[in-house]
Amino acid sequence: MSPAQDAFASLREVADADVVAAMEARVLDAHDPALNRINVLEFAEAHGLREDEAIGAFVRAARLGLFDMAWNLLCPGCGGLLESAPSLRSVSRDEYDCALCAAGYRPTLDEMVEVSFTVNPRVRRIAAHDPDALSMVEYNRQVYWSCGVRLPEGELFDELLGRIVIGSAELPAGERAVLSLELPAEFLIVFDPVSHVAQFIDVRGERTAEDRALEVVLSTDAEATEPVVLRPGPLRLTLDNRMDRRAVPAVWIAGDDLHDLLGRRKPFLTAQRLFTNQTFRDIYGSSALDIDQRLNITSMTFLFTDLKGSTALYERIGDLAAFDLVKAHFRTLHAIVADESGAVVKTIGDAVMATFPAPHRGLAAALRMREELQGVPAGSERGGLTIKIGLHEGPCLAVTLNERLDYFGQTVNIAARVQGLAMARSIFATRPVVTDPLASELLDRSGLAPVPQECALQGISDTYTVYEIP
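Here we summarise the structure given alongside this text. Note that the coordinates shown come from a computational prediction; the quantities given were computed from them, not determined experimentally.

**What about the overall build of the protein chain?**
Within the protein chain one finds 15 helices and 21 strands. If one aligns the C-alpha atoms of the protein chain with their principal axes, the spans along those axes are about 95 × 65 × 40 Å. Classification of the 470 residues of the protein chain by burial places 54% in the buried group. Approximately 21,100 Å² of the protein chain is accessible, and the part contributed by carbon and sulfur atoms is 49%. Taking the 45 positively charged and 67 negatively charged side chains of the protein chain as two groups, their mean positions are separated by 4 Å.

**Topic: helix 5 (residues 136-144)**
Along helix 5, seven of the nine residues are buried, which leaves the element largely enclosed by surrounding structure. For helix 5, the full list of buried residues reads Met136, Val137, Tyr139, Asn140, Arg141, Gln142 and Tyr144.

**A few points about the environment of Arg246**
With respect to the helices, strands and loops of the structure, Arg246 is situated in the loop between strand 12 (233-241) and strand 13 (250-253). With relative accessibility at 12%, the residue Arg246 sits in the buried group. In the structure, Arg246 is positioned 86 residues away from Leu160 in sequence and 24 Å away in space, judged by C-alpha atoms. In this structure, Arg246 is in contact with Pro131, Asp132, Ala133, Leu134, Tyr139, Glu170, Leu171, Pro172, Ala173, Val194 and Asn241, ignoring residues within four places of it in sequence. Engagement of the side chain of Arg246 in a polar contact is seen with the backbone oxygen of Pro131, the distance being 3.2 Å.

**Points about the packing of aromatic side chains**
Evaluated as defined, the whole model comprises 11 aromatic pairs. When the centroid spacing of 4.8 Å and the interplanar angle of 75° are considered together, the rings of Tyr144 and Trp145 count as edge-to-face.

**A few points about unusual backbone geometry**
The phi dihedral of Ser341 falls on the positive side, at around 65°, and the residue is not glycine. Mapped onto the elements, Ser341 comes out in the loop between helix 11 (319-339) and strand 15 (343-348). With relative accessibility at 1%, the residue Ser341 sits in the buried group. The backbone of Glu403 shows a phi angle near 65°, a positive value even though the residue is not glycine.

Reading the values: rules and limits
- Residues numbered from 1 in each chain as written.
- Predicted model: local features only at pLDDT ≥ 70, side-chain atom pairs only at ≥ 80, totals over all residues.
- Heavy atoms only, no water.
- Helix = DSSP H or I, 4+ residues; strand = E, 2+ residues; numbered from the N terminus.
- Buried < 20%, exposed > 50% of the residue type's maximum accessible area, 1.4 Å probe, protein only.
- Areas by Shrake-Rupley, 256 points an atom, 1.4 Å probe, with all protein chains shown as cover.
- Lys, Arg positive; Asp, Glu negative; His and termini not counted.
- Charge placed at Lys NZ, Arg CZ, Asp CG, Glu CD.
- Contact = heavy atoms within 4.5 Å.
- Polar contact = N/O pair within 3.5 Å; in protein donor to acceptor, adjacent residues only side chain to side chain.
- Phe/Tyr/Trp six-rings, centres within 6.5 Å; stacked < 30°, edge-to-face > 60°.

This is the structure:
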């Protein structure tokens with residue numbers, strides 16, 4: 001049995017069998033591009049698999065060396081890769097610039113960081129393992145664009161680039177090339193996806209027969225240049241590759257075809273979504289971020305729970321019986337959180353802090369917790385467990401605290417304070433949760449009408465509107 005077969009056998013013991021079977025079949029039979037920067041959400045949809053099971057299986061497969069996990073920093077405007085690394089710890093700048101969009105962006109884990117998986121070269125070698133040998137077309141297809149950009153399939157992509165690109169070159173390290181072009185009356189971009197150098201050319205006015213020349217230097221430390229205004233007609237474009245690796249510059253027409261390409265998007269696995277996967281937290285939660293790293297998340301849903309009257313429970317039925325009951329409560333909560341695409345961040349005494357990628361997921365978990373905990377056996381003299389639940393959604397910082405992935409900010413504080421308001425069976429949630437479209441649909445289907453009330457939350461100067469879900 002080969003090392004890869006051994007790894008897949010180990011993976012089958014800990015991951016969903018259907019996911020592993022689909023993964024192994026792809027490694028054996030798929031064309032090279034299908035094994036490069038795999039979009040896990042797309043993979044799950046194509047094979048009729050649960051997203052969370054697929055995410056967990058690929059995380060475990062990366063741990064076993066079957067796939068390489070990459071953290072790709074994306075431009076939210078064009079969907080191109082600004083940076084790719086095997087660890088999120090490399091994201092260290094406050095702002096990243098996209099030369100193609102001529103814009104700067106602050107990195108956020110739910111909009112700009114894509115997590116993808118590429119087959120390890122020891123399992124199967126594919127063309128993308130040697131990106132400097134890819135053609136200009138294939139480099140753009142397999143390396144530059146995010147797996148969240150819905151590129152046309154096969155020859156359709158080639159045909160699209162044929163309409164967009166009016167000239168290109170493949171330049172070895174240190175080489176120069178001259179392109180003789182006939183400039184159309186269009187807005188053009190000389191762009192190299194390797195160096196991320198872009199030169200904008202605004203072509204307008206009457207055509208000229210005059211010979212003109214323009215030089216573009218390709219370098220990883222090249223500074224941004226002002227757009228050049230030229231009239232339609234002939235141009236000698238010199239491309240100077242000053243990098244120690246090959247470049248694949250091209251001249252793009254920034255017209256409808258390019259804008260249509262950039263607008264084709266599909267869901268992809270974000271760092272925020274991965275952080276709410278319990279398998280990832282269990283395996284990588286202590287090493288995801290550097291101790292001093294602080295990364296922004298635009299939206300995260302937090303759920304806090306606590307057992308009501310747990311101290312009295314210990315006194316009433318004794319430590320051993322109460323401990324068994326509390327353990328059963330934790331098992332139930334962990335299972336529900338994982339089933340709703342969430343992850344338990346930590347437990348504090350009898351309390352749980354969990355995160356979810358969207359409000360409706362957190363609300364679904366809260367409703368299930370409330371109902372299912374009534375079924376935890378407690379004995380006739382004990383009564384059932386009563387859980388207090390609070391929910392809030394908003395921005396936060398992902399940090400490392402006490403050697404584990406954690407979260408910091410006002411959103412976290414509010415979620416904890418909201419849980420403190422909950423009594424008996426009521427769930428308390430904030431406006432961002434109950435007004436989320438999918439969460440509202442869930443409440444309607446459940447026949448639940450949230451009741452707003454003005455509350456004072458510790459650390460919040462003004463009164464806060466909180467909704468009680470009876």
